[in-house]
Amino acid sequence: ASAVDWMFEITCELAAELGQNLRVARLYSDVPTDTLRQARDAGRLAPLDPAPAIDDTALAGMTNIVALAGAEHMQAAIDTGADVVLAGRTTDTATIAALPLARGAHAGGAWHGAKIAECGAFCTTRPASGVIMVSFDETGFTVTPMGDGVRCTPQSVAAHMLYENSDPWILHEPGGHLDVTAARYADADADSGDGGVRVEGGCWVPAPSYGVKLEGARRAGYQTMMLAVIRD
C-alpha cells in the first residue's frame, strides 16, 4: 500500500507540473496476516511447489503479504474511467491481457500474447531493441518488432514461454491457466517484411474456483554496501 500511495503522490506531482487533470485508480494488493491465517485454517490455501509450509511462525515473521491481481481486478480499475491505474501487485500478463479480454479478444490469444509481450523485445532476434507491438483479435495475436532490422521468428516467440516459467506449455494465472500445447507460430506476412509472427491455438482453461497467487516477505538479514574511490 505504501508503494502505491508513493507512486500516487509522484503521479499527482507530475500531473500538476504538466497541467493535466487525471483520474487515477489505486489497486491495493495487501492481505492482512489474520485473513491469510483464516484462509489457511479453512483449507482455502494450496501450496505451489516447492513452497514451504505456512505455519504460525512463518506468518508471524512476514512483514508484507500480497495477492497478485488478475485481469478481472485490472478491468475493474479500468472500468472506473481511470486515465492511470496504479497497481500494488499483479501478474505481468494480467496487466496486458485485461483490456483485450474486455474487448472480446480470444481468451487464449490474449493471455498468450500478454505472456509474449511482458518483456518487450525479448521475443525478437535483438532483445536490446526494446519495443514490440502486439495486436489481439478473435482468433489469436500478431507480434511485430518495432526496431530497425529486428525480426520475430516462430522460434523466438515460442521460446518466450520458457521465460520465468517452470512448464513451457502451461502458464498459471488467476482464475485458470493458459495451455499452448496446440499453439501454432508462423511468419505473419512474408510480403510485408515487417518481421512479425502470427500465433493461434493457445487455449485458456478456467479453474473450478477462482484463486490468486500469494507472496510473502520476511527479513532474512541485512546487507551493507560501501562505495569508495581509491586514487593512486
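This write-up is about the structure you can find in this document.

Reading the values: the criteria
Residues numbered from 1 in each chain as written. Predicted model: local features only at pLDDT ≥ 70, side-chain atom pairs only at ≥ 80, totals over all residues. Heavy atoms only, no water. Helix = DSSP H or I, 4+ residues; strand = E, 2+ residues; numbered from the N terminus. Contact = heavy atoms within 4.5 Å. Areas by Shrake-Rupley, 256 points an atom, 1.4 Å probe, with all protein chains shown as cover. Lys, Arg positive; Asp, Glu negative; His and termini not counted. Charge placed at Lys NZ, Arg CZ, Asp CG, Glu CD. Core = buried A, V, L, I, M, F, W, Y, C linked by side-chain atoms within 4.5 Å. Buried < 20%, exposed > 50% of the residue type's maximum accessible area, 1.4 Å probe, protein only. Patch = residues over 30% accessible without salt bridge, like charges linked within 9 Å, V, L, I, M, F, W, Y side chains within 5 Å. Salt bridge = Lys/Arg side-chain N within 4 Å of Asp/Glu carboxyl O. Pairing = 2+ DSSP bridges. Axes fitted to C-alpha atoms, helices over the stretch in contact; angles between N-to-C directions. Polar contact = N/O pair within 3.5 Å; in protein donor to acceptor, adjacent residues only side chain to side chain. Phe/Tyr/Trp six-rings, centres within 6.5 Å; stacked < 30°, edge-to-face > 60°. Lys NZ or Arg CZ within 6 Å of the ring centre and 35° of its normal.

**Considering the overall build of the chain**
Inference 1: Within the chain one finds seven helices and eleven strands.
Inference 2: With the C-alpha coordinates aligned to their principal axes, the bounding extent of the chain is approximately 60 × 60 × 50 Å.
Inference 3: Contacts spanning at least 24 positions in sequence make up 62% of the contacts within the chain whose residues lie at least 6 apart.
Inference 4: Summing over all exposed atoms, the chain offers an accessible surface of approximately 14,300 Å²; the carbon and sulfur share of this is 53%.
Inference 5: For the chain, the centre of its 16 positive side-chain charges and the centre of its 29 negative side-chain charges are spaced 4 Å apart.

**Focus: the nonpolar core**
As a rule of thumb, soluble globular proteins bury nonpolar side chains together.
Inference 1: The biggest cluster of nonpolar side chains holds 15 residues, and the ones touching the most others in it are Trp111, Met161, Leu178 and Val180.
Inference 2: Elements with a minimum of two residues in this core: α4 (71–78), α5 (92–102) and α6 (107–117).
Inference 3: Looking at this core element by element, the count peaks at three residues for α5.
Inference 4: Each residue touching valine 180, except ones within four places of it in the same chain, is listed here: His112, Met161, Pro168, Trp169 and Gly202.
Inference 5: With twelve residues, the next largest nonpolar core counts Ile132, Val143, Cys152 and Val197 among its residues.

**What to know about a nonpolar patch on the surface**
Inference 1: Residues Val131, Met133 and Met146 make up a contiguous nonpolar surface patch of about 270 Å² in total accessible area.
Inference 2: For valine 131, the location among the structural elements is in the loop between α6 and β4 (132–136).

**Overview of unusual backbone geometry**
Inference 1: Even without glycine at this site, glutamate 164 takes up a positive phi of about 50°.
Inference 2: Structurally, glutamate 164 is set in the loop between α7 (154–158) and β6 (170–173).
Inference 3: For glutamate 164, a relative accessible area of 59% gives the class exposed.

**Brief notes about the sheet that holds strand β7 (residues 176–179)**
Inference 1: If you trace the three strands from one edge of the open sheet to the other, you get β6-β7-β10, paired in antiparallel fashion. Among the strands making up the open sheet, the edge pair consists of β6 and β10 (203–206). Along the sheet, successive strands turn relative to each other by an average axial angle of 25°, direction set aside.
Inference 2: Bridge count for β7 against β10 is four bridges, and the pairing is antiparallel. Its bridge partner lying in β10, aspartate 179 is registered against cysteine 203.
Inference 3: Sheet strands touched by α6: β6, β7 and β10. Its angle to β10, the strand with the most contacts, is close to 105°.

**Some words on the sheet that holds strand β9 (residues 197–200)**
Inference 1: Within the open sheet, the four strands sit side by side as β4-β5-β9-β8. Their pairing is antiparallel. The open sheet is flanked by β4 and β8 (184–187), the only strands paired with a single partner. The average angle at which neighbouring strand axes cross in this sheet is 20°, direction not considered.
Inference 2: Across five bridges, β4 lies against strand β5 (residues 140–145) in antiparallel orientation. By the bridge assignment for β5, methionine 133 is matched with threonine 144.

**Details of the side chain of glutamine 75**
Inference 1: With respect to the element layout, glutamine 75 can be found in helix α4.
Inference 2: Of note is the side chain of glutamine 75, whose polar atom sits 2.9 Å from the backbone oxygen of alanine 98.
Inference 3: Setting aside residues no more than four positions away along its own chain, glutamine 75 makes contact with Ala98, Leu101 and Ala102.

**Some details on the packing of aromatic side chains**
Inference 1: Evaluation of the coordinates by the stated rule reveals three aromatic pairs.
Inference 2: Judged by centre distance (4.8 Å) and plane angle (15°), the ring pair of tryptophan 111 and tryptophan 204 falls under stacked. With tryptophan 111 in helix α6 and tryptophan 204 in strand β10, this pair connects stretches of sequence that are 93 residues apart. The pair tryptophan 111 / tryptophan 204 is uniform in exposure class, with both members buried.
Inference 3: Relative to phenylalanine 141, the ring of phenylalanine 136 has its centre 6.4 Å away and its plane inclined at 40°; by these criteria the two rings are tilted.
Inference 4: For phenylalanine 136, a relative accessible area of 24% puts it in the partly exposed group.
Inference 5: On the basis of relative accessibility, which here comes to 0%, the residue phenylalanine 141 falls in the buried class.
Inference 6: One cation-aromatic arrangement involves arginine 26 over phenylalanine 8; the distance from NZ or CZ to the ring centre is 3.7 Å.

Function-wise, these values are silent; they only describe arrangement.
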